[in-house]
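Spelled out, the chains give:
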Amino acid sequence: MSVERIDHIPSNVDLVVAGGGLAGHCAALEAAERGASVVLLEKREIYGGSTVYSSGSFAFAGTQAQRDAGIDDSPEKITQDIVSASGGLADPALVDLYVTRQADTYAWLKEHGVGFHPVSLSSNQGVPRTHATDPWQLMRALHESVQRDERIAYLDNAAIHELQVSGSGRVEGVKIECNGKEHLIRARRGVVLATGGFSRNTDLIAKFTPYLKQAMKLGGSGNTGDGLLLAWKLGADLVDMAYVSGTFGISLNNYPDTRIDDIDEPLLRLAIYRGGIAVNLRAERFADESISYKKLGELCLAQPQAVGFQVWDQSIMERSAPAPNSTDFKMAYEKGLVKSADTLEALAATVGLDPSRFAETVRRYNADVKEGQDTVFGRASLGKGYGKPIPLERPPFYIYPCTTAILSTYCGVRVNADMQVLDVFGKPLAGLFAAGEIVGGFHGSGYMSGSSLSKSAIFGRVAAETALKA
């Protein structure tokens, strides 16, 4: 994908934004709309970061789209779900900021050409509040806005190597390498770190989350923790590092001949939240499928060979939808990642499971659903109390081999509600701000689906707003 390039790298601007994903684009646009000059840096050849690998899900509450669908949602309900999903660890100030600014950011994104699909239910949501978009449509729309704005200089192949600090301790610029040359850019109002997480940094994964060594390492190809390390070097506090978790539902392409390192385009599919079940290599269920796909990811890693299989029937296949991406079951089938058969026994044989045991597992589940009680794991809903489980009886039947992957790390530097990076004593590091996946303190030990992209957009805008007021 071609991008507009600039021949001149500014040496002095109002704001430097490091990271060309969702948070970085939102920060750069917000700053420019407030009249500031901005340099937006992306270390890879193409923008997008982890956002373009996501399902494209945003979580907003009280929207007209929800009201049109007859969904009753409110700031109080979304607050409760965020805090609950975090295990009570979410910083109340960050949650309040999210809830206060989410409606405005939803409208702002639409003004920038982002298109949203019908509202749907996702993990850890008490009511449907996923407003999904095509992640590439989202980033293209924002990037086109960036390129149209003469106040923003966008640089790709521009890796940040050092934060420049004044004698008084204020961050006042960055040292970058762009196309093989080193440049110093001074920032009058400060620097926003939107460099993403560290899902691609095996050393940091080993340091903070050694139990995820079996998980696939995905997310943005540039997510190696650059900004985190630079902030840490200056004394930034880190938070939620113990709660990095994997995501269940990542496709095992070419199963059973899967080579993890050769998977170029893994997919995330979650038929469990439409009524499907998950089984292991023993053809046995291993969890209540209505729980968070983060918790399911942890449980999947404990199964033989860290492999799981999602199972569903034709009634669920007919509810396939292109957005969010995680509900596009038909596309996964067309790519050959989902197998089908007219009987449960034949379906099991397509992936090497014991046919009799598999059929018995599904039939027991169906009998429990009809009786109104899951006697194995107590599943009582499709997800977080919403919707009722359904029997899997209508052929053809479908099975999807999958595993757990680290798509994002959902932890990082501690910030206040102004997105100022805080040191280990709780004091702001002057001139340094953060937004997006690099920010810790919001997700805690869990995650409400859709809140990560929404947080990135909201916090990116707030970081720029605060920097320009400083």
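## Some words on the overall build of the protein chain
Working step 1: Within the protein chain, the regular secondary structure consists of 13 helices and 18 strands.
Working step 2: Computed over C-alpha atoms, the radius of gyration of the protein chain comes to 22 Å, within 12% of the 23 Å expected from 2.2 N^0.38 for 470 residues, which places it in the range of a compact globule.
Working step 3: Expressed as lengths along the three principal axes of its C-alpha atoms, the size of the protein chain is roughly 70 × 45 × 40 Å.
Working step 4: Residues classed as buried in the protein chain amount to 61% of the 470 residues present.
Working step 5: Here the analysis covers contacts within the protein chain between residues at least 6 apart in sequence; of these, 72% occur between residues at least 24 apart.
Working step 6: Of the roughly 18300 Å² of accessible surface on the protein chain, a fraction of 47% belongs to carbon and sulfur atoms.
Working step 7: A distance of 2 Å separates the average location of the 47 positive side-chain charges in the protein chain from that of its 54 negative side-chain charges.

## Some details on the pattern of salt bridges
Working step 1: According to the stated counting rule, one finds 24 salt bridges in the structure shown.
Working step 2: Two residues, E465 and R34, come together in a salt bridge whose shortest N-O distance is 3.2 Å. In this pair, E465 sits in helix α13 (residues 451-469) while R34 sits in the loop between α1 (22-33) and β2 (38-41), placing the two residues 431 residues apart along the sequence.
Working step 3: Residue E465 is classed as buried on the basis of its relative accessible area of 13%.
Working step 4: Residue classification places R34 among the partly exposed residues on the basis of a relative accessible area of 42%.
Working step 5: Here R379 and E289 are joined by a salt bridge, their closest N and O atoms 3.5 Å apart. With R379 in the loop between α12 (355-371) and β15 (397-406) and E289 in the loop between β12 (277-279) and α8 (293-301), the pair connects residues that are 90 residues apart, well separated along the chain. Across the pair, E289 and R379 agree in class, each one buried.
Working step 6: Connected through shared salt-bridge partners, E30, R34, R101, D104, R461, E465 and K469 make up one network.

## Considering the packing of aromatic side chains
Working step 1: Counted under the stated rule, the structure contains 18 aromatic pairs.
Working step 2: An angle of 35° between the planes, with centres 4.8 Å apart, marks the rings of F60 and Y106 as tilted. With F60 in the loop between β3 (57-59) and α2 (64-68) and Y106 in helix α4 (residues 92-111), this residue pair connects regions lying 46 residues apart in the sequence.
Working step 3: With relative accessibility at 10%, the residue Y106 sits in the buried group.
Working step 4: Seen in terms of ring centroids, Y333 and Y398 are 5.7 Å apart; in terms of plane orientation they differ by 90°. Their pairing is edge-to-face. With a gap of 65 residues between them, Y333 in helix α10 (residues 329-334) and Y398 in strand β15 connect regions that are remote in the sequence.
Working step 5: Here a set of aromatic residues connected by ring pairs shows up, and it is made of W312, F329, Y333, Y398 and Y400.
Working step 6: The ring of Y447 carries K294 above its face, with NZ or CZ at 5.8 Å from the centroid.

## Focus: the confidence of the model for the protein chain
Working step 1: Mean pLDDT over the protein chain stands at 94; residues scoring 70 or higher make up 97%.
Working step 2: Throughout residues 1-5 the model reports pLDDT below 50, and contacts reaching past four residues in sequence, or to other chains, amount to 15 contacts.

## Looking at the pairing of strand β1 (residues 12-18)
Working step 1: A large share of β1 lies buried, amounting to six of its seven residues.
Working step 2: The pairing of β1 with strand β8 (residues 181-193) spans six bridges and is classified as parallel. Along β8, the bridge assignment pairs A18 with L193.
Working step 3: For β1 and β2, the ladder comprises four bridges, and the chain directions are parallel. If you follow L15 over to β2, its bridge partner there is V38.

## Describing the packing of α1 against α13
Working step 1: At a closest axis distance of 7 Å, the pairing of α1 and α13 adopts a crossing angle of 35°. With respect to the hand of their crossing, α1 and α13 are arranged in right-handed fashion. For the pair formed by α1 and α13, the contact residues are L22, A23, C26, A27, E30 and A31 on the first element and L453, S456, A457, G460, R461, A464 and L468 on the second.
Working step 2: Residues of the contact of α1 with α13, tallied by class, amount to nine nonpolar, two polar and two charged.

## So, the environment of F309
Working step 1: Here F309 shows up in strand β13 (residues 308-313).
Working step 2: Relative accessible area serves as the criterion here: at 0%, F309 is assigned to the buried category.
Working step 3: Counting along the chain gives 58 residues from F309 to S251, while the straight-line C-alpha distance between them is 9.6 Å.
Working step 4: Beyond its immediate chain neighbours, meaning those up to four positions away, F309 contacts Y255, I277, A278, V279, N280, L281, V351, L353, I399, Y400 and P401.

What counts as what
Residues numbered from 1 in each chain as written. Predicted model: local features only at pLDDT ≥ 70, side-chain atom pairs only at ≥ 80, totals over all residues. Heavy atoms only, no water. Helix = DSSP H or I, 4+ residues; strand = E, 2+ residues; numbered from the N terminus. Rg over C-alpha atoms; globule rule 2.2 N^0.38 Å. Buried < 20%, exposed > 50% of the residue type's maximum accessible area, 1.4 Å probe, protein only. Contact = heavy atoms within 4.5 Å. Areas by Shrake-Rupley, 256 points an atom, 1.4 Å probe, with all protein chains shown as cover. Lys, Arg positive; Asp, Glu negative; His and termini not counted. Charge placed at Lys NZ, Arg CZ, Asp CG, Glu CD. Salt bridge = Lys/Arg side-chain N within 4 Å of Asp/Glu carboxyl O. Phe/Tyr/Trp six-rings, centres within 6.5 Å; stacked < 30°, edge-to-face > 60°. Lys NZ or Arg CZ within 6 Å of the ring centre and 35° of its normal. pLDDT = per-residue confidence, 0-100. Pairing = 2+ DSSP bridges. Axes fitted to C-alpha atoms, helices over the stretch in contact; angles between N-to-C directions. Left-handed = near helix turned anticlockwise from the far one by under 90°. Nonpolar A, V, L, I, M, F, W, Y, C, P; charged D, E, K, R; others polar.

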